[in-house]
Amino acid sequence: MSSTGTGTQPPPHVIEAARSPVMASAIAGRTKVLPILELALLIAASIAPLVLRDYITVYATRVLILCLFALSFDLVWGYAGILSLGQSLFFGTAGYGVALLSRDFGVASIFAVLPAGTLIGFVAALLLAGFLLLGRHPSSVVFVSLGTMTGAYAADRLARGSHYLGGQNGIPSIPPMTIGSHELSEGPGFYYLVLAILVLIYLLSRFLLRSQFGLALAGLRENEQRIAFFGYNVQHLKAIIFAISGAIAGASGSLYAFHEGFVWTNMLGVVMSTQVVLYVLFGSGTLIGAVIGTAIVEGLSFWLSDNYRDIWPIILGVLLLLVILFRPLGLISLVLGERERVGHFGPSLKEKRNAAP
Amino acid sequence: MPLLEAAGISKVFGKLTALDGAALSVGEREFHGLIGPNGSGKSTLMKCLAGALVPTRGKVTFINTDVTSLTPPERARAGMSLKFQITAVLPTLTLYDNILLALQARSSLLDLAFSRSRGRLHEEVMTLLLQFRLADRAFDAAATLSHGQQQWLEIAMALACRPRLLLLDEPTGGMSLEERRVTGELLQPIKQHCSLVIVEHDLDFIRDICDRLTVLDQGKVLASGTVAEIQANRSVQEIYLRRA
């Protein structure tokens with residue numbers, strides 16, 4: 001598609017600037033805060049068990065597992081604009097699934113239960129997406145959020161009423177997860193395992209979101225109708241990201257089940273679903289924001305409940321309200337510019353050089 | 001055989017009949033203007049062509065295929081592209097990414113996940129931005145553009161889908177005289193590979209760039225023909241005089 005209108009060309013220096021990869025990336029390049037933040041957090045998380053007392057390491061492990069859960073919600077809400085208020089459905093179903101595997105079949109090897117939990121989350125999300133997202137016409141935010149929430153509520157009630165699933169009490173005393181002959185109980189070992197999984201899934205998500213697929217997701221979030229007119233199959237796009245998010249929630253749920261040693265109905269229900277919304281409020285639309293948000297909310301709850309035993313939920317609630325009022329994009333927007341938050345999806349310098357004639 | 005043939009198109013909203021048996025025929029590489037007073041059904045007809053609305057009665061044929069009941073993505077893949085009346089660029093994305101988003105729509109999801117086409121599409125993105133005089137703003141957010149520039153960006157995005165037929169709903173709405181003139185210049189080169197249906201209030205603009213015109217009034221076709229024929233048409237003159 002070459003331009004032929006003679007009077008319509010911009011000045012030559014502009015053409016030169018735009019065609020040259022170095023200039024183009026200089027225009028695009030600004031100080032990068034995000035990688036520094038990510039690296040600093042990774043270092044802090046890596047040395048934490050060495051300096052923290054054991055019971056706090058156990059608590060921190062739980063927070064890391066919840067970070068994974070928050071990532072799954074951030075993918076659908078922060079990136080694709082799908083408000084899933086039933087994220088706990090995938091978290092809890094996977095938790096119950098692996099608990100049953102270990103109770104009824106004696107399977108506790110990490111190489112079996114973690115893939116199984118991930119698969120359960122993936123399939124559950126795909127089924128729900130089939131009902132809620134795959135209609136001929138795009139479904140509204142209200143329809144999807146209420147639909148997912150109803151799913152979580154129904155699962156909670158079903159589990160409460162089921163004798164097989166242990167009713168109100170859930171499934172207690174799940175044996176520890178094993179790697180070969182080694183048993184993983186809570187402590188630094190479990191902590192580093194979860195950290196490794198979190199980093200791996202974080203990097204995979206980052207890869208996906210910075211790809212052209214991520215650009216399609218940004219389009220989906222900003223203007224679903226518009227990108228349908230480009231020829232995108234919007235429904236498929238939604239179902240895929242929803243299922244990926246369900247898989248991550250499933251992985252997180254199965255780790256949670258083995259870390260806590262029991263599963264109960266709250267893991268499935270609406271409380272868990274809304275909790276994850278709170279985590280992501282601190283920085284939706286960035287992966288690191290979901291991680292930091294989870295750490296802040298859980299850390300504050302831990303500290304406040306120790307020091308202000310009676311009123312800590314109120315303090316936490318007020319803090320969250322302040323964030324919504326004054327920093328709608330989350331606390332992450334204090335350090336991260338809008339441009340870097342949204343990112344850009346053009347080719348990297350290397351790709352441009354390869355593409356150059 | 002024309003590229004696009006719409007016949008007997010009716011669209012009823014409750015008690016309101018927006019279109020009543022309208023018809024339109026567009027040939028290869030033809031610029032076709034759709035004019036008429038406010039409320040005559042121009043935008044409704046455009047939406048029926050693009051698939052945003054399903055007509056109550058009638059048939060739309062595009063490249064010898066009946067597309068009446070196809071969804072917008074299916075029509076887009078068949079080679080039809082629409083620029084909305086209200087600008088719908090994606091404001092937080094850069095201009096570059098806006099164009100890339102349109103260009104990559106045909107890649108498979110797997111190719112998108114591994115970013116297989118972005119290196120290859122770079123030249124094409126920059127060519128389109130240059131063509132529409134936006135290259136120096138490539139890495140700014142689309143929200144920072146002027147209204148006129150946003151319209152150009154959107155035409156560029158509509159063209160990025162490599163359509164055989166481009167539907168433009170009021171491309172010069174809210175533009176200055178100079179911007180309108182430039183828009184006309186920017187659209188001319190498209191003719192080499194693409195037909196155009198354009199809804200526009202500015203009759204001077206439409207007379208300059210269109211080959212044929214169709215005049216709608218109250219949901220019906222009042223007249224259809226070359227620009228000269230329409231200008232000489234008595235009843236067309238009447239409705240424009242009546243409303244002027």
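Since we're looking at a predicted model, the values are computed, not measured.

**Things to note about helix 11 (residues 234–260) of chain A**
Residue and element names in this part refer to chain A.
At step 1: Relative to the 39 Å expected for 27 residues at 1.5 Å per residue, helix 11 spans 39 Å between its end C-alpha atoms, a close match to the ideal helical length.
At step 2: Counting buried positions along helix 11 gives 24 out of 27 residues, so the element sits mostly inside the fold.
At step 3: Two residues or fewer after helix 11 comes Gly 261, characterised by a positive phi angle close to 85°.

**Here we look at the domain arrangement of chain B**
Residue and element names in this part refer to chain B.
At step 1: On domain assignment, one finds that chain B holds domain 1 (1–79 + 164–177 + 190–244) and domain 2 (85–162).
At step 2: Of note, the centres of domain 1 and domain 2, computed from C-alpha atoms alone, are 26 Å apart.
At step 3: Listed as interface residues are eleven residues of domain 1 and, on the opposing side, eight residues of domain 2.
At step 4: Sort the elements by how many residues they give to the side of domain 1 that touches domain 2 and strand 7 (residues 165–169) lands first, with three residues.

**Here's the deal with the environment of B:Val199**
Residues and elements named next belong to chain B.
At step 1: You can see Val 199 is positioned in strand 8 (residues 195–199).
At step 2: A residue is classified by how many C-beta atoms lie within 10 Å of it, and Val 199, with 21 of them, is buried.
At step 3: C-alpha separation for the pair Val 199 and Ser 43, spaced 156 residues apart in sequence, amounts to 7.4 Å.
At step 4: Discounting chain neighbours no more than four positions away, the residues touching Val 199 are Leu 34, Lys 42, Ser 43, Met 46, Asp 169 and Glu 170.

**So, the pairing of strand 8 of chain B**
Residues and elements named next belong to chain B.
At step 1: Along strand 8, five of the five residues are buried, which leaves the element largely enclosed by surrounding structure.
At step 2: Side chains Ser 195, Val 197 and Val 199 project from strand 8 onto one buried face, and the interleaved Leu 196 and Ile 198 project onto a second face that is buried too.
At step 3: By the bridge criterion, four bridges tie strand 3 (residues 31–35) to strand 8 in an arrangement that is parallel. Counted as the bridge partner of Leu 34 is Val 199 from strand 8.
At step 4: Sheet analysis places strand 7 next to strand 8, joined by five bridges and oriented parallel. If you follow Leu 168 over to strand 8, its bridge partner there is Ile 198.

**As for the packing of helix 4 (residues 54–79) of chain A against helix 13 (residues 287–307) of chain A**
Residue and element names in this part refer to chain A.
At step 1: Taken N-terminus to C-terminus, the directions of helix 4 and helix 13 make an angle of 140°; their axes are 8 Å apart at the nearest point. Taken together, the axes of helix 4 and helix 13 lie oblique to each other. At the point where helix 4 passes helix 13, the crossing takes the right-handed sense. In contact with Tyr 59, Val 63, Leu 66, Cys 67, Ala 70, Leu 71 and Asp 74 of helix 4, helix 13 contributes Leu 287, Ala 290, Val 291, Gly 293, Thr 294, Ala 295, Glu 298 and Phe 302.
At step 2: When the residues that make up the contact of helix 4 with helix 13 are grouped by side-chain class, the tally is eleven nonpolar, two polar and two charged.

**Considerations on the nonpolar core**
At step 1: By size, the foremost hydrophobic cluster in this structure holds 177 residues, and its most contacted members are A:Ala70, B:Ile99, B:Leu129 and B:Ala156.
At step 2: The residues that make up this core include at least three from each of domain 1 (1–79 + 164–177 + 190–244) and domain 2 (85–162) of chain B.
At step 3: Sequence-distant contacts of B:Ala156, that is, excluding residues within four places in its chain, are made with B:Ile99, B:Leu128, B:Leu129 and B:Phe132.

**Remarks on the sheet that holds strand 1 (residues 4–13) of chain B**
One key point about sheets: their strands pair by backbone hydrogen bonds, in either a parallel or an antiparallel sense.
All names here are of chain B.
At step 1: If you trace the four strands from one edge of the open sheet to the other, you get 2-1-4-5, paired in antiparallel fashion. Strands at the two margins of the open sheet, each flanked by one partner only, are strand 2 (16–26) and strand 5 (65–66).
At step 2: Bridging between strand 1 and strand 2 involves seven bridges; their strand directions are antiparallel. Bridging across to strand 2, Val 12 finds its partner in Thr 17.

**Focus on the pairing of strand 6 (residues 80–83) of chain B**
The side chains of a regular strand alternate, first on one face of the sheet and then on the other.
Residue and element names in this part refer to chain B.
At step 1: Taking every second residue as pointing to the same face, both faces of strand 6 are buried, with Met 80 and Leu 82 on one and Ser 81 and Lys 83 on the other.
At step 2: Relative to strand 7, strand 6 runs parallel, the two being bridged by four bridges. Across the sheet, the residue bridging to Leu 82 is Leu 167, located in strand 7.

Basis of the calculations
- Residues numbered from 1 in each chain as written.
- Chains lettered and ligands numbered in written order.
- Predicted model: local features only at pLDDT ≥ 70, side-chain atom pairs only at ≥ 80, totals over all residues.
- Helix = DSSP H or I, 4+ residues; strand = E, 2+ residues; numbered from the N terminus.
- Expected span 1.5 Å × (residues − 1).
- Buried ≥ 20, exposed ≤ 12 C-beta atoms within 10 Å, placed from the backbone.
- Domains from an automatic or database assignment.
- Contact = placed C-beta atoms within 7 Å.
- Pairing = 2+ DSSP bridges.
- Axes fitted to C-alpha atoms, helices over the stretch in contact; angles between N-to-C directions.
- Parallel < 35°, antiparallel > 145°, perpendicular 65-115°, else oblique.
- Left-handed = near helix turned anticlockwise from the far one by under 90°.
- Nonpolar A, V, L, I, M, F, W, Y, C, P; charged D, E, K, R; others polar.
- Core = buried A, V, L, I, M, F, W, Y, C linked by C-beta atoms within 7 Å.

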